Amino acid sequence: MMLPALYIFDFDDTLAMTNSHVRVLRTSGEVDRLDSREFAKYRYSPGDELDFSEFSRAEGTLINDTVYEMQNAISTHGIDNVYIVTARAESEPVFSFLESFNMAVPEVVATSGSAGKAPWLSRTLILGKYDRVIVYEDCRKNIKMLKDVVEAFNEEMNANVSYSAICILPDGGQQIIESKIRKIIKKMLIDSF
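Points about the overall build of the protein
Right, so step 1: Counting its secondary structure elements, the protein contains six helices and eleven strands.
Right, so step 2: With respect to the three principal axes, the spread of C-alpha positions in the protein is 60 × 40 × 30 Å.
Right, so step 3: For the protein, long-range pairs separated by at least 24 residues make up 70% of all intrachain contacts whose partners lie at least 6 apart in sequence.
Right, so step 4: Total accessible area computed for the protein in this model is approximately 10,700 Å², and 54% of it derives from carbon and sulfur atoms.
Right, so step 5: Averaging the positions of the 21 positive and the 29 negative side-chain charges in the protein gives two centres separated by 7 Å.

Description of the packing of aromatic side chains
Right, so step 1: Scanning the model with the defined rule gives five aromatic pairs in all.
Right, so step 2: Where Y7 meets F9, the ring centres are 6.4 Å apart and the plane angle is 10 degrees; that geometry is what we call stacked. F9 matches Y7 in its accessibility class, with the two residues each being buried.
Right, so step 3: Seen from their ring centres, Y83 and W120 are 5.1 Å apart, and the 65 degrees between their planes marks the pair as edge-to-face. With Y83 in strand β7 (residues 82–86) and W120 in helix α4 (residues 117–127), this pair connects stretches of sequence that are 37 residues apart.

Section: the layout of surface pockets
Right, so step 1: Volume-wise, the largest pocket comes out at about 550 Å³.
Right, so step 2: The wall of the largest pocket is formed by 27 residues, among which F39, F52, A87, G113 and S114 lie closest to the centre.
Right, so step 3: Of all elements in the fold, only α1 (36–41) and α5 (140–157) reach the threshold of two or more residues within the lining of the largest pocket.
Right, so step 4: Counted by class, the lining of the largest pocket contains eleven nonpolar, seven polar and nine charged residues.

Notes on the nonpolar core
Right, so step 1: Counting 25 residues, the largest nonpolar core has Y7, F9, F11, L15, M70, I84 and L98 as the members making the most contacts within it.
Right, so step 2: Put simply, the parts of the chain that give this core at least two residues each are β1 (5–9), α2 (64–77), β7, α3 (92–99), β9 (132–137) and β10 (162–168).
Right, so step 3: Among the elements that make up this core, the one with the highest residue count is α2 (four residues).
Right, so step 4: Ignoring anything within four residues of it in the chain, the contact list for F11 reads A16, T18, A58, I84, V85, T86, R88, V94, F97 and L98.
Right, so step 5: Ranked by size, the runner-up nonpolar core spans 22 residues in total, among them I8, V149, F153 and V161.

Considering the sheet that holds β10
Right, so step 1: In space, the six strands of this open sheet follow the order β8-β7-β1-β9-β10-β11, with mixed pairing throughout. Edge positions in the sheet fall to β8 (107–110) and β11 (174–176), since each has one partner strand and no second. Neighbour to neighbour, the strand axes of the sheet diverge by 25 degrees on average, direction disregarded.
Right, so step 2: Pairing geometry for β1 and β9, over five bridges, is parallel. Within the sheet, the bridge partner assigned to Y7 lies in β9 and is I134.
Right, so step 3: Strands in contact with α2 are β1, β7, β9, β10 and β11; relative to β1, the strand with the most contacts, it is inclined by about 155 degrees.

Brief notes about the packing of α4 against α5
Right, so step 1: The interhelical angle for the contact between α4 and α5, taken along N-to-C directions, is 35 degrees, at an axis separation of 9 Å. For α4 against α5, the interelement crossing comes out right-handed. Two secondary-structure elements touch here, α4 through K117, A118, L121, S122, L125 and I126 and α5 through N142, M145, L146, V149, V150 and F153.
Right, so step 2: Within the contact of α4 with α5, the residues separate by chemical class into nine nonpolar, two polar and one charged.

Some points on the side chain of T66
Right, so step 1: Residue placement: T66 occurs in helix α2.
Right, so step 2: Once you skip the residues sitting within four places of it in the chain, T66 turns out to touch F9, T14, L15, Y136, I168 and Q174.

Cut-offs used in this document
Residues numbered from 1 in each chain as written. Predicted model: local features only at pLDDT ≥ 70, side-chain atom pairs only at ≥ 80, totals over all residues. Heavy atoms only, no water. Helix = DSSP H or I, 4+ residues; strand = E, 2+ residues; numbered from the N terminus. Contact = heavy atoms within 4.5 Å. Areas by Shrake-Rupley, 256 points an atom, 1.4 Å probe, with all protein chains shown as cover. Lys, Arg positive; Asp, Glu negative; His and termini not counted. Charge placed at Lys NZ, Arg CZ, Asp CG, Glu CD. Phe/Tyr/Trp six-rings, centres within 6.5 Å; stacked < 30°, edge-to-face > 60°. Buried < 20%, exposed > 50% of the residue type's maximum accessible area, 1.4 Å probe, protein only. 1 Å grid on protein atoms, 1.4 Å probe; cavity = no way out; pocket = protein on both sides within 12 Å on 5 of 7 lines; lining within 4 Å. Points joined across faces, edges and corners; volume = space filled by probe spheres on them. Nonpolar A, V, L, I, M, F, W, Y, C, P; charged D, E, K, R; others polar. Core = buried A, V, L, I, M, F, W, Y, C linked by side-chain atoms within 4.5 Å. Pairing = 2+ DSSP bridges. Axes fitted to C-alpha atoms, helices over the stretch in contact; angles between N-to-C directions. Left-handed = near helix turned anticlockwise from the far one by under 90°.

In structure tokens, the structure reads:
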């Protein structure tokens, strides 16, 4: 019997281009508004205060190609194997926003920061029976972090869960990340023997 795949979709700049920003209040009195891509590159400076209040609502436009992939994953693998995992602190605005488009919306997991995605994935792998993890994410740092979780799970549990990731580009396009790297390494290893 084939095990199901686990699909993970980020929300901001992956399923939707949103107008929510993190406000960085600097000690100088300056205020920077960072979108999710800019915030992923943000480095804390002593005295910075972060304001996430704009993320208590979800507004913007859908990224149709990624939404199509999510709906296809739900149809093919079941809604119980598809998750929206967002660094937002609240899941309800995301769910309501997507539901307003009359689409099937899987469980929305709010991790209150990107770092919370790793323990969520680790718990989900331990509790579920999956043979592969497919991630749709706009942040390469998160793509690598989630790959590391799968690799650690495989090592600790003597498992063989495969991992692939699709990076959502600023224009909404998609770029396969992990599958390409794996194929190149595999070819190099085969060619070296």
